[in-house]
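Tertiary structure, described
Each chain, written out:
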Amino acid sequence: MSARVEALVVTQKPETPLRRLASEFFASRVATGAFAALLAIVLMALFAPWLAPQNPYDLATVTVMDARLAPGERGSAGFLMGLGADGAGRDMWSAILYGLRISLGVGIASGVVALAIGTAVGLAAAYRGGWLDALIMRIVDLQLSFPAILVALILVAILGRGADKVMIALILVQWAYYARTVRGSALVERRKEYIEAAQCLALPRARIVLRHLLPNCLAPMIVVGTLQTAHAISLEATLSFLGVGLPLTEPSLGLLIANGFEYMLSGRYWISFYPGIALLATIMSINLVGDRLRDVLNPRLER
Amino acid sequence: MNPPLIEVERLCKRFVKPLDLAARLARRLGADVSEEVVHAVDEVSLAVREGEVVGLVGESGCGKSTLGRMVAGILPPTSGVIRYRGRESAGLKVQMIFQDPFASLNPRMRVADIVGEAPLVHGIVRKEQLDGYVGELLARCGLDPSYQRRFPHQFSGGQRARIGIARALAVKPEFLVCDEAVAALDVSIQAQILNLFMELRRALGLTYLFISHDLGVVEHLSDRVVIMYLGRVVESADSERIFGAPNHPYTQALLRQVPRLETRKTAFQPIVGEIPSPLAPPAGCHFHPRCPQAMARCRSEPPRLREVAPGHLSACHLNDG
Amino acid sequence: MSADPALQVEDLRTHFFTRAGVVRAVDGVSFEVRAGEVLGLVGESGCGKTVTGYSILGLVDPPGRIVAGRILFEGSDLVGLPEAQLRRVRGARIAMVFQDPMMTLNPVLRVDTQMVEAVRAHQDVGAADALEQARAALERVGIPAAASRLRCYPHQFSGGMRQRVAIAIAMINRPRLIIADEPTTALDVTIQAQILHEAQKLCRESGTALIWITHDLSVVAGLADRICVMYAGRIVESGAVDAVLDAPLHPYTHGLIGSVPSRNRRGAPLAQIPGMAPSLVDLPPGCAFRNRCPRAAPACTAEPALAPQGSGRAVRCFYPLHA
């Protein structure tokens, strides 16, 4: 009902789809809050070397004398350890900031690569159809029928430890979601009249796929992208928690949580708790942003 | 008399739903299973002369849209020939105007790009001249050229229809296939767009194949009218003859039932029966189950298109003897 | 024919409160429909005719709501009626037929299930009785082999048949009024003729009042007794069909009739109304049609009222055409 009414409102200035999207998105207070939180987290992670009082991976600055200091106490170097110190004497706040860097970096990077691969594969399947489509979709189905964590564990077991191996595992687990989403979207768009018009105008096929088809398949991909990034971050955290993720030299939030686990019962909650909060906040804000994007990018708004 | 611009000879389009593995196996084992075939267009021949407007009329399932898409080169025919000025391929000379003003424009492209992309890609116009060229086209179609940088969603239905026309004109076509181009528009906007079509015809010497289910519009615009039913041409004649002295029972029924502004509170006298599904068209003459004058012969033998008067073709057994 | 109208709408106003502004979709609409009468509510897209229909049944969703006016039906005002009572009216006393029959029909339920449900929601009868009513209703709308067709799903019917089933459901509880919103717009000419024929027959036989909402003047010409022409949320002209179509008083009605191809000489440019309908957001005061009207004058910056012209006609214009 409201959509029909909105169709009558013809705006006057050139309004890019992006601007329209942004104004719709920020109409929700929750989404705006989540977006602000996410932005803050990303900026904190980005500027970690400047925000953190200590580099937790520089062994020269870390001393075991500070081990297990409670939140609020001062360390040997003189600065306030607002969130306490972990078992090795690292300031928790610094460790979390650096850990966020790793977690976000790995999550986003693997997401971007998986998106690129998944999009290419999904578009090819949708445009060519036939046996190629069937083959690709069977592979995707196979991939998606295994739990992600299981696949990741197997891959890491085969490939070994290391940041790059974990990245490969995350990419291999995620590309299938993108491929399936893009293919579905492309199949719908392919039938639309503006694609027929492009064919009538004898535009080269590559141009039709990249310039006409792809931009209109972006909407569901953005939603999948945000939600998948959250998934990748949580997956990496799980792998690290289980001890098969990133190496000790680059502790992500998962590893921090794992390290602090043994101290939970003895009352030194802060070693696991605060990295856990940081992880939760990150994933929740990404999910809230993704949810709002999904509502806003609903096809009814195309009218 | 002008030479034919487009000639269509015995054109067929069959949509076949292939049998899956289970069905193929069943057939191998002797079961009576065959593929589902839709004869969307069934041996249609027609010719359009230069400068003419030919109206193609019919209801759902008659194949007029499929025929239009084949003529425009979007859909490959299953069999039959389409010739443009005697040659096999028309290239950019044949363009199509689509029905849905919302779906026929790429929502993520600015209007300037929508109209300007093809002429740039095909080298019809150079990059420096593109802005002026696009502006001129938009003005010719009744749009303000300063709106070039806007996106389709910022325009009304009628304006989008004009953008679609400008896009087609950008590649300098000679022949336009209009597939229900005004069906989705309000009456007052429809009048504007129809006037635009007539103006363009006069100014640019265009030829049209005007596909529509709206007989009033077709009568106003067309020189000749072709009536289709379930994939076949049933009648074809000059506009005056079709609307003044229709020969085929289907055309007669169609004309009787079109609501007109002048007829008031008269009882509607519809034809009985549903339009058959194209998957299972009646044998013989496709129209015989609904025809008030059907004979035994109509059930078995498909009638051929015969000339019943100069330039007037009709496919009905009633015309024989 | 009773003296009291079946439905009386007085100064109905339905506004949509969107982020872009207030859209006054229906802005002061008044009309009445008598039993057994067919009223054509005619206008182009955006004129508010569909929202009017939805408002009568209380189907307007936020951000829209009825802000003023009365809808008098069977002794009560439907505006402000509590939802529970509205539900008793909908489907039983006033029914609606939509452009897309799938708005009425549930694709996963069989037709007999849906029709029986519609009956038993408003009548205190057993299942067998309800089924018999359903079968009779399908027969009345001209569906052959009604008993066996009852057991089919909606997708097994063609478009025209589905619309007939929707009409059958609308009629099954013998409502006093049916609101039909462009029910034949998406159908072929021959099928449309069948539906129009059925609608005419049903109204004549059962005395049901019918509001037929459409943009197609030709359909209204053959079907309706009276016609209301809407523009930008208001009724600009109303009267008997013959009077309005043969001698329109409002310049918009005149322009609309003139745009129809059959009213013009073959091949000649069609008489067109220039420009397009105004945006309903923050509509400027005065006559909404003045930017497109060939007869506009400085006085038109004031808003004209719907003025009766005698013999049941009314027009909203300072300079109406003379009959």
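Residues numbered from 1 in each chain as written. Chains lettered and ligands numbered in written order. Predicted model: local features only at pLDDT ≥ 70, side-chain atom pairs only at ≥ 80, totals over all residues.

1. Quick word on the domain arrangement of chain C
Residues and elements named next belong to chain C. What counts, and what does not: Segmentation into domains, and thus their bounds, comes from an automatic or database assignment. A pair of residues counts as a contact when their C-beta atoms, built from backbone coordinates, are separated by no more than 7 Å. In this classification, the charged set is Asp, Glu, Lys and Arg, the nonpolar set is Ala, Val, Leu, Ile, Met, Phe, Trp, Tyr, Cys and Pro, and all remaining amino acids, among them Gly, are polar.
Domain boundaries in chain C define domain 1 (7-93 + 177-315) and domain 2 (103-174). Placing a centre on the C-alpha atoms of domain 1 and another on those of domain 2 gives a separation of 29 Å. Counting residues at the interface gives twelve residues for domain 1, matched by 14 residues for domain 2. Here the side of domain 1 that touches domain 2 is built from residues that sort into eight nonpolar, three polar and one charged.

2. Section: helix 9 (residues 193-200) of chain A
For an α-helix, 3.6 residues make a turn, and residues three or four places apart therefore share a direction. Applicable threshold: In this scheme the burial state of a residue depends on its C-beta neighbours within 10 Å: 20 or more other such atoms mean buried, 12 or fewer mean exposed, and anything in between means partly exposed; the C-beta positions come from the backbone. Secondary structure elements are taken from DSSP: a helix is a run of H or I of four residues or more, a strand is a run of E of two residues or more, and numbering for both begins at the N terminus.
In terms of residue burial, helix 9 of chain A counts as a mostly covered element, since seven of its eight residues are buried. All of the buried residues along helix 9 of chain A are E193, Y194, I195, E196, A197, A198 and C200 of chain A. Each element contacted by the buried residues of helix 9 of chain A is listed here: helix 8 (163-190) and helix 10 (205-241) of chain A together with strand 5 (94-97) and helix 5 (157-169) of chain B.

3. Re the interface of chain B and chain C
Contacts between the two partners involve 36 residues from chain B and, on the opposite side, 37 residues from chain C. Breaking the side of chain B that touches chain C down by element, the ones donating at least two residues are helix 6 (187-204), helix 7 (215-221) and helix 9 (249-257) of chain B. Looking at the side of chain B that touches chain C, the element that brings in the most residues is helix 6 of chain B, giving nine residues. By residue class, the composition of the side of chain B that touches chain C is 16 nonpolar, 13 polar and seven charged.

4. Here's the deal with the sheet that holds strand 11 (residues 307-310) of chain C
Residue and element names in this part refer to chain C. This is how it is decided: At least two DSSP bridges between two strands are needed for those strands to be called paired. Interaxial angles span 0 to 180 degrees and are taken between N-to-C directions of axes, which are lines fitted to C-alpha atoms, for helices over the stretch in contact.
The eight strands are arranged 6-7-8-3-9-10-12-11 in an open sheet whose pairing can be described as mixed. Two strands lie at the open edges of the sheet, namely strand 6 (94-97) and strand 11, each paired on one side alone. Each neighbouring strand pair of the sheet contributes to a mean axis angle of 20 degrees, computed without reference to strand direction. One ladder, built from five bridges, connects strand 3 (residues 38-42) with strand 8 (residues 209-214); its direction is parallel. Note that in strand 8 the partner of L39 across the bridge is I211.

5. Some thoughts on the nonpolar core
To be explicit about the condition: Put simply, a nonpolar core is buried Ala, Val, Leu, Ile, Met, Phe, Trp, Tyr and Cys residues tied into one set by C-beta atoms within 7 Å.
The biggest cluster of nonpolar side chains holds 264 residues, and the ones touching the most others in it are M92 and L170 of chain A, V71 and F210 of chain B together with W212 and V220 of chain C. Here this core takes 16 residues from helix 5 (residues 92-128) of chain A, the largest share from any one element. Contacts of M92 of chain A, omitting those with residues within four sequence positions, involve M81, L83, G84, A85, D86, W270, I271 and Y274 of chain A.

6. A few points about unusual backbone geometry
Omega for the peptide link from P62 of chain C to P63 of chain C comes to 10 degrees, which places this bond in the cis form. By secondary structure assignment, the location of P63 of chain C is in the loop between helix 1 (49-56) and strand 4 (64-73). For A202 of chain A, which is not a glycine, the phi torsion comes out positive at approximately 60 degrees. One non-glycine residue, R174 of chain C, adopts positive backbone phi at about 50 degrees. Along the polypeptide, R174 of chain C turns up in the loop between helix 6 (159-171) and strand 7 (177-181).

7. Points about the sheet that holds strand 2 (residues 36-49) of chain B
Residues and elements named next belong to chain B. An order of 2-1-4 is seen for the three strands of this open sheet, with the pairing classed as antiparallel. Because the sheet does not close on itself, it has two edges, and the strands there are strand 2 and strand 4 (79-84). For this sheet, the mean angle separating the axes of adjacent strands, direction not counted, is 15 degrees. Where strand 1 (residues 4-17) and strand 4 come together, five bridges link them in antiparallel fashion. Opposite V8, over in strand 4, you have I82 as the bridge partner. Strand contacts of helix 2 (residues 64-71): strand 1, strand 2 and strand 4, with the helix running at about 120 degrees to strand 1, the strand carrying the most contacts.

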